[in-house]
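Structural characterization, general
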Amino acid sequence: MAYDTVTMAAIAAILSLLYYYVRSRYRYFLDKPYPHMKPTFLLGSAGPMILRQRDMIEHIKILYNIYPDAKVVGAYDLLTPNLLLRDPECVKQIGVKDFDYFTDHTPFVKNEHDIMESDNMFLNSLFLLRGQKWRDMRATLSPAFTGSKMRQMFELVSQSCQGMAQHLLKEAREDESKQVHEMKDIFTRLANDVIASIAFGIQVNSFSERENDFYTRGKKLTNFGSFWASIRFMLFLMMPRLMLKLNIELMDKEMCQHFHAMIMDNMRIREEKGIVRNDMINILMQVKRGVLGHQRDEPDVKDAGFATVHESAVGKKAITREWSEKELVAQCFLFFLAGFDTVSTALGFLAYELMLHPEIQDRLYEEITEVDAKLDGKPLTYEAVQEMRYMDMVVSESLRLWPPAPMVERYCTRDYTFDDGEGLRFKIEKGRTVMIPVAGLHSDPKYFPDPTRFDPERFSEENRHNINPGVYLPFGVGPRNCIGSRFALMEVKSVIYYLLKSFTFERSDKTQIPLKLKHNPAVLVAENGNWIRFKPRKVDN
């Protein structure tokens, strides 16, 4: 009996200590000159996401709108206090002007030496590199994503897009029941074929060979919403050094090893046989030899699309350092992850909006037929894609309404004093994360009137000057924006060109309207699938 009493007292003491520890962590914002969200015990401001009560975009919009008059808002990621920026001038100040204080993404592993010693591909990728090493890698890879490099890669991208459209058209004409497709599936397959060709130098067709090895491995690798992927992610957050010492990958380890071997074998064969192909493997080989750099006459391509981000001085610096094999492979690996999931997500939502708005779809089809007539039977070109103004308006608006990265963040690398010049002044300590709610800014009626309406005219030549660059951030903000925006836009526009040339996008019995997202904290995916009928056009194109 006495033993039970002592045990209960010990448990009570531990629970009391836990309670007071959590309460003390939740006192962080009490003396700050800006409002903060009331935290849920242990879950902070993330409770509805962790408990899967909201989808990602809905959750971010709610956080954004709690204090509509505030420029900065405090929020808790479990027990960790973060800042949420609501004002476009604050976003530009921290993301661009004072970028030197916020150069990094929030690190999984605090000790950079641990990452350098690790073979973990994701942690060695451009996305998670930090400080000078990130600057050097960004500058090294930046020449790979210029307009001239996109022109060189375009033929490979176009071949995959055209092959998909031809396969689907043949199938739809032979069997009407095969006209209805789930967009995430169809565009993941297309993205897989593009990435296989561009990043790995191999040709696959994930429509005629639905379970090809490259596709099935890629699906397994990017299954971020699975139970084991979630467990690995949580363990990396809680005990990253132990996970590295145990040589556990953030992604599926077997798949990572497979892709590493595939890249290295490809490089070896090309070096032995003198093979040159305009793709990422060739670019990495140029990096390895130290011959990749910005061309002096390379223009800053303004017609690449309104959403295109422009490279900062960080990316244009000449770099002569040598990179290890694991570091180069990690960048190709990141290109695969971004292309496989992000592009397919953007395409799915764009197809949904075109299906929902046939008048916009018809106008875009008119532009496509005009371009096709000018080509006079010749293949689609990079220049022709960039000349499609209405296409760019449609894509830009879809990225506003459905941003693939609805929240971006920056990590404070040294103590910083924020001062907006209008009386708001406070300190951001080293190690604090600043969140930028892209989905919230994109849906604010102050910046985008009637924000839930799909209206490409917002991005017309007459109207686009009204858009504040601090509130339209589909590819992030500042020098650490998405390095592959040109490639992503080129791919998205090429896919839509070939599909609308052959099909109309129509509703089916499976189509969910309005489209609802799964309550998933990691990915943007439709609750019941995003189903659309690709109906062959009567006129043979």
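Rules used in this analysis
- Residues numbered from 1 in each chain as written.
- Predicted model: local features only at pLDDT ≥ 70, side-chain atom pairs only at ≥ 80, totals over all residues.
- Heavy atoms only, no water.
- Pairing = 2+ DSSP bridges.
- Helix = DSSP H or I, 4+ residues; strand = E, 2+ residues; numbered from the N terminus.
- Axes fitted to C-alpha atoms, helices over the stretch in contact; angles between N-to-C directions.
- Contact = heavy atoms within 4.5 Å.
- Buried < 20%, exposed > 50% of the residue type's maximum accessible area, 1.4 Å probe, protein only.
- Phe/Tyr/Trp six-rings, centres within 6.5 Å; stacked < 30°, edge-to-face > 60°.
- Lys NZ or Arg CZ within 6 Å of the ring centre and 35° of its normal.

Here we look at the sheet that holds strand β3 (residues 180–182)
Across the sheet, which stays open at both edges, the 3 strands sit in the order β3-β9-β8 with antiparallel pairing between neighbours. The open sheet terminates on both sides in strands that have one partner only, identified here as β3 and β8 (503–506). Pairwise comparison of adjacent strand axes, ignoring direction, gives a mean angle of 35° for this sheet. Examined bridge by bridge, β8 and strand β9 (residues 531–536) share 4 bridges and lie antiparallel to one another. When the bridges of β9 are listed, Phe 503 appears paired with Pro 536. With respect to the sheet, helix α7 (residues 147–174) is in contact with β3, β8 and β9, its orientation differing from that of β9 by roughly 80°. Where helix α19 (residues 485–502) meets the sheet, it contacts β8 and β9, and its direction lies at approximately 95° from that of β8.

Re the environment of Leu 424
Among the structural elements, Leu 424 can be located in the loop between β5 (416–419) and β6 (425–428). Residue class for Leu 424 comes out buried when judged on its relative accessible area of 14%. On a C-alpha basis, the gap between Leu 424 and Lys 71 in space is 9.0 Å, while along the polypeptide they are 353 residues apart. Apart from residues no more than four positions distant in its own chain, Leu 424 is found in contact with Pro 33, Lys 71, Val 72, Phe 418 and Asp 419.

Considerations on the sheet that holds strand β7 (residues 433–436)
Across the sheet, which stays open at both edges, the 4 strands sit in the order β1-β2-β7-β4 with mixed pairing between neighbours. Strand pairing shows two members of the sheet lacking a second neighbour, β1 (72–77) and β4 (408–411), which therefore form its edges. Here the strands of the sheet are splayed against their neighbours by 30° on average, with no regard to which way each runs. Pairing between β1 and strand β2 (residues 80–85): 6 bridges, direction antiparallel. In the strand pairing of β2, Asp 77 is matched with Thr 80. Strands in contact with helix α4 (residues 88–97) are β1, β2 and β7; relative to β2, the strand with the most contacts, it is inclined by about 115°.

Here we look at the packing of aromatic side chains
Summed over the entire model, instances satisfying the criterion amount to 23 aromatic pairs. A centroid spacing of 4.8 Å and a plane angle of 65° characterise the contact between Tyr 26 and Tyr 76, whose relative ring orientation is edge-to-face. Residue Tyr 26 is located in the loop between α1 (2–25) and α2 (47–50), and its partner Tyr 76 is located in strand β1; the two are separated by 50 residues in the primary sequence. Here Tyr 26 matches Tyr 76 in class, with each residue buried. Taking 5.6 Å as the distance between ring centres and 45° as the angle between the ring planes, the aromatic pair formed by Phe 306 and Tyr 472 counts as tilted. Taken as a pair, Phe 306 in the loop between α13 (280–289) and α14 (325–356) and Tyr 472 in the loop between α18 (438–442) and α19 lie far apart in primary sequence, 166 residues in all. Taken together, the ring pairs in this structure connect Tyr 26, Tyr 28, Phe 29, Tyr 34, Tyr 76, Phe 418 and Phe 426 into an aromatic cluster. Just above the ring of Tyr 101 sits the side chain of Arg 414; from NZ or CZ to the centre is 4.1 Å. The ring of Tyr 28 carries the charged tip of Arg 432 above its face, separated from the ring centre by 4.6 Å.

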